[in-house]
Amino acid sequence: MRRLAGRARPRLRRLDAGQRWDALVVFVGLVLFAIAWPTLQVTHHVPAGVQPVIGGLAALPFLLIRANPALGWAISAGAALVIPIVFEPFPDYGFPWQVVHVMVLTALLVAVSMRSPLQVVAVAWVSTVLLFLAHAPGQDGRGWAVGLTGLVIFGLLVRWLVLSRRELARQEEVNEVERARRAVLEEKARIARDLHDVVAHHMSLVVVQAQSAPYRIEGVSPEARAEFESIGATARDALNEIRGMLGVLRSDGQLAEHAPVPGVDRIGELVEGSRRAGMVVTVDDGGLPDPMPDSVSLALYRILQESLSNAARHAPGAAVRVTLGHDGDLAVLDVLNDRAASGPAAAGGANSSGAKAHSSGGHGIAGMRERASSVGGILGAGTDAGGGFAVRARIPTALGMQVSGGPVQPT
């Protein structure tokens, strides 16, 4: 016996939860049948040859409680309607059905109320109540009607509780998927912003160097001049294609990046690189607050980088003045380029009317404002009184601060 039990345990462990419930239902159904058949001899006048059938009608519908409770209830209720009419109970028993039959019928009624459509639940409830009112002895039918109604209400409450939990789990799954999708979009936006700032800056310098090389270097041959022009044209095409690709990744309104790399400590390198490209850049460094959060440092670096790139692109040959300083807890950055020889141009990528220049495909002023607002600052950009273009940023250096008011207007 011990060996048989030891062999049966691994088989039970291999069954999933549903199969275990099915096995339990079969076991309970067989136990009920084993009780219903012998007890018919003391409850009803049933011939011996018919007793297994009547006992089966009383107990075996329980086997459908998981697979099809409505069908199981219909069989059990039909049997409960016919048995009291065909077979009389013994006088000392006095109840129209066996106890096993009543247990199975009420269990199936609860299962119907928990799993079947509401129309089926209503039919099963009304039919079962009428059945007990018609056949239960004396005043017992009213008590059974109240009890059966309570069982149906209990089943419906369990049903709605389970459905609400399932809906809550589904909504949590949907929310988790949405959070993951938003995280991916935010990361794409962060990567797109940094790629745009880095690639656009250096590619713009390549274009400026290639275009200005024939004028900065003496004795350039016509072949070399053509080569420089070809390099500049190729770099411009590559820059426009890169911007088109980054435009797919970029998404306005996404959260700012959380892991900045460059900062104000590399502003000198940024200015020196612009000078090597032929730009005339002067810096008035009044001192920035120290220490400074990395996010603020990165924002100042990127705003200056974008301003210098756009000044080189839209105002070639114009002098650029960079002012760094602080006003209390605010870091101050002003970038002003003079009027270009071919007309007003913008450090922020705008024309003389202050509109954003779309021909280059860049993100210009919108991107700089986004960076400033991501750390609680404000940024203004536009044509100044002298016909040049100014970018002015005010960014708080204390965590949690927010600069109030509208964008800083050029003077």
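Thresholds applied
Residues numbered from 1 in each chain as written. Predicted model: local features only at pLDDT ≥ 70, side-chain atom pairs only at ≥ 80, totals over all residues. Heavy atoms only, no water. Helix = DSSP H or I, 4+ residues; strand = E, 2+ residues; numbered from the N terminus. Buried < 20%, exposed > 50% of the residue type's maximum accessible area, 1.4 Å probe, protein only. Areas by Shrake-Rupley, 256 points an atom, 1.4 Å probe, with all protein chains shown as cover. Expected span 1.5 Å × (residues − 1). Phe/Tyr/Trp six-rings, centres within 6.5 Å; stacked < 30°, edge-to-face > 60°. Pairing = 2+ DSSP bridges. Axes fitted to C-alpha atoms, helices over the stretch in contact; angles between N-to-C directions. Contact = heavy atoms within 4.5 Å. pLDDT = per-residue confidence, 0-100. Nonpolar A, V, L, I, M, F, W, Y, C, P; charged D, E, K, R; others polar.

Chemist: I keep staring at the overall build of the protein chain and nothing clicks. Help me out?
Modeler: Helix and strand counts for the protein chain come out as 11 helices and 5 strands. Here the protein chain, with 411 residues, has 42% of them falling under the buried criterion. When the accessible surface of the protein chain is summed, it comes to about 22200 Å², and 61% of that surface belongs to carbon and sulfur atoms.

Chemist: Please clarify how helix α10 (residues 294-314) should be interpreted in this entry.
Modeler: Residues spaced three or four apart along an α-helix point in a common direction, a consequence of the helix completing one turn every 3.6 residues. In a regular helix each residue adds 1.5 Å, so 21 residues correspond to 30 Å; α10 covers 30 Å between its end C-alpha atoms and thus fits that length. Within α10, 18 of the 21 residues are buried, leaving the element largely enclosed by the surrounding structure.

Chemist: Please explain the environment of Val 206 as it appears in this structure.
Modeler: Mapping Val 206 onto the fold places it in helix α7 (residues 140-216). Between the C-alpha atoms of Val 206 and Arg 236, which are 30 residues apart in sequence, the distance is 9.0 Å.

Chemist: Which parts of the structure should I look at to understand the packing of aromatic side chains?
Modeler: The description of an aromatic ring pair rests on the distance of the ring centres and on the angle between the ring planes. Evaluated as defined, the whole model comprises 5 aromatic pairs. Note on Phe 33 and Trp 37: the rings are 5.8 Å apart at their centroids and 40° apart in plane angle, and the pair reads as tilted. Taken together, the residues span about one helical turn, with Phe 33 and Trp 37 both in helix α2 (residues 17-43) at a distance of 4 residues. Here the aromatic rings of Phe 95 and Trp 144 are separated by 6.3 Å at their centres, their planes lie at 45°, and the arrangement is tilted. With Phe 95 in the loop between α4 (69-86) and α5 (99-115) and Trp 144 in helix α7, the pair connects residues that are 49 residues apart, well separated along the chain. Three or more aromatic residues link up through ring pairs in this structure, and these residues are Phe 95, Trp 97, Phe 132 and Trp 144.

Chemist: Can you walk me through the sheet that holds strand β4 (residues 378-383) in this structure?
Modeler: One key point about sheets: their strands pair by backbone hydrogen bonds, in either a parallel or an antiparallel sense. Read from one edge of the open sheet, 5 strands run β1-β2-β3-β5-β4, paired in mixed fashion. At either margin of the open sheet sits one strand with a lone partner, and together these are β1 (280-285) and β4. Within this sheet the neighbouring strands show an average axis-to-axis angle of 10°, counted without direction. Pairing of β1 with strand β2 (residues 319-327) involves 6 bridges; the strand directions are parallel. Pairing of Asp 284 across the sheet is with Thr 323, part of β2. Against the sheet, helix α9 (residues 267-276) touches β1 and β2, its axis set at about 155° to β1. Along the sheet, helix α11 (residues 364-374) makes contact with β4 and β5 (389-396), crossing β4 at roughly 155°.

Chemist: Looking at this structure, how should I read the confidence of the model for the protein chain?
Modeler: It should be kept in mind that the predicted coordinates are not to be read in detail where pLDDT is low. Confidence in the prediction of the protein chain, expressed as mean pLDDT, is 80, and 83% of residues score 70 or more. Confidence over residues 348-362 falls short of pLDDT 50; this stretch has 34 contacts with residues more than four positions distant or in other chains.

Chemist: Hey, could you run me through the packing of helix α3 (residues 51-59) against α5 in this one?
Modeler: When two helices pack together, their arrangement is given by the angle between the helix axes and the distance between those axes. Where α3 contacts α5, the two axes come as close as 7 Å, and the packing angle between them is 35°. Mapping the contact onto sequence places Leu 57, Ala 58 and Ala 59 in α3 and Val 100, His 101 and Val 104 in α5. Taken together, the residues that form the contact of α3 with α5 break down as 5 nonpolar, 1 polar and no charged.

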